[in-house]
Amino acid sequence: MSDIVNQAVTVLNEKLAGADFDGTAKFDIEDEGAVMMDSTGARAADEEADVTLSADAETFQAILSGDTNPTGAFMSGKLKIDGDMGMAMKLASVLS
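Criteria and cut-off values
- Residues numbered from 1 in each chain as written.
- Predicted model: local features only at pLDDT ≥ 70, side-chain atom pairs only at ≥ 80, totals over all residues.
- Heavy atoms only, no water.
- Pairing = 2+ DSSP bridges.
- Helix = DSSP H or I, 4+ residues; strand = E, 2+ residues; numbered from the N terminus.
- Buried < 20%, exposed > 50% of the residue type's maximum accessible area, 1.4 Å probe, protein only.
- Arc of directions from axis to C-beta.
- Polar contact = N/O pair within 3.5 Å; in protein donor to acceptor, adjacent residues only side chain to side chain.
- Phe/Tyr/Trp six-rings, centres within 6.5 Å; stacked < 30°, edge-to-face > 60°.
- Contact = heavy atoms within 4.5 Å.
- Axes fitted to C-alpha atoms, helices over the stretch in contact; angles between N-to-C directions.
- Parallel < 35°, antiparallel > 145°, perpendicular 65-115°, else oblique.
- Left-handed = near helix turned anticlockwise from the far one by under 90°.

Considering the pairing of strand β3 (residues 41–44)
A regular strand places its side chains on the two faces of the sheet in alternate fashion.
Moving on, step 1. In terms of strand pairing, strand β2 (residues 33–38) meets β3 through four bridges, oriented antiparallel. In the sheet register, V35 faces β3, and the bridge partner there is A44.
Moving on, step 2. The loop that links β2 with its antiparallel partner β3 comprises two residues.

Structure (structure tokens):
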């Protein structure tokens, strides 16, 4: 497992703590791996999800740090979304 995925799991668990996120989401980090998120938190895994968000490691790290807005990243083509757009919007609000 890459350092980027391990760091992402830690940061996402902090952001998801106490959040009302009841679906499943997957962050697919180009050339690094995948992170699954659900009501129990985040973990390094690659499973089926309601929504999959794909980005390169730089974009993903910028979203997690708050330097990049997830909606802005999507609109500029840096973040790709496949699946339930409503779930993606709910996740974006948890991450911001």
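Points about helix α4 (residues 85–95)
Moving on, step 1. Those residues of α4 not exposed but buried are M87, A88, L91, A92, V94 and L95. End-on, the buried residues of α4 take up no more than an arc of 160°, which puts them together on one face.
Moving on, step 2. The opening residue of α4 is D84, an N-cap whose side-chain oxygen sits 2.9 Å from the backbone nitrogen of G86.

A short note on the side chain of S2
Moving on, step 1. As for its placement among the helices and strands, S2 is situated in the segment before α1 (3–16).
Moving on, step 2. Overall, the relative accessible area of 16% leaves S2 in the buried class.
Moving on, step 3. In this structure the side chain of S2 is engaged in a polar contact, spanning 2.9 Å, whose partner is the side chain of E32.

Focus: the packing of aromatic side chains
Moving on, step 1. All told, the structure shown has one aromatic pair when counted by the stated rule.
Moving on, step 2. Consider the rings of F27 and F60, whose centres lie 4.4 Å apart with planes at 65°: the pair is edge-to-face. Placement of the pair is F27 in strand β1 (residues 25–29) and F60 in helix α2 (residues 57–65), with a sequence separation of 33 residues.
Moving on, step 3. You can call F27 buried: its relative accessible area is 2%.
Moving on, step 4. Under the relative-accessibility criterion, F60 is labelled buried at 2%.

A word on the environment of G33
Moving on, step 1. As for its position among the elements, G33 is in strand β2.
Moving on, step 2. C-alpha of G33 to C-alpha of V5: the two residues are 28 residues apart in sequence and 6.5 Å apart in space.
Moving on, step 3. Each residue touching G33, except ones within four places of it in the same chain, is listed here: V5, F27 and D28.

Some thoughts on the packing of α1 against α2
Moving on, step 1. Closest axis-to-axis distance for the α1/α2 pair is 11 Å, and the angle between their directions is 25°. When the interaxial angle is binned, α1 and α2 end up roughly parallel. Classified by chirality, the crossing of α2 by α1 is left-handed. Between α1 and α2, the residues in contact are I4, Q7, A8, V11, L12 and K15 and A57, F60, Q61 and L64, respectively.

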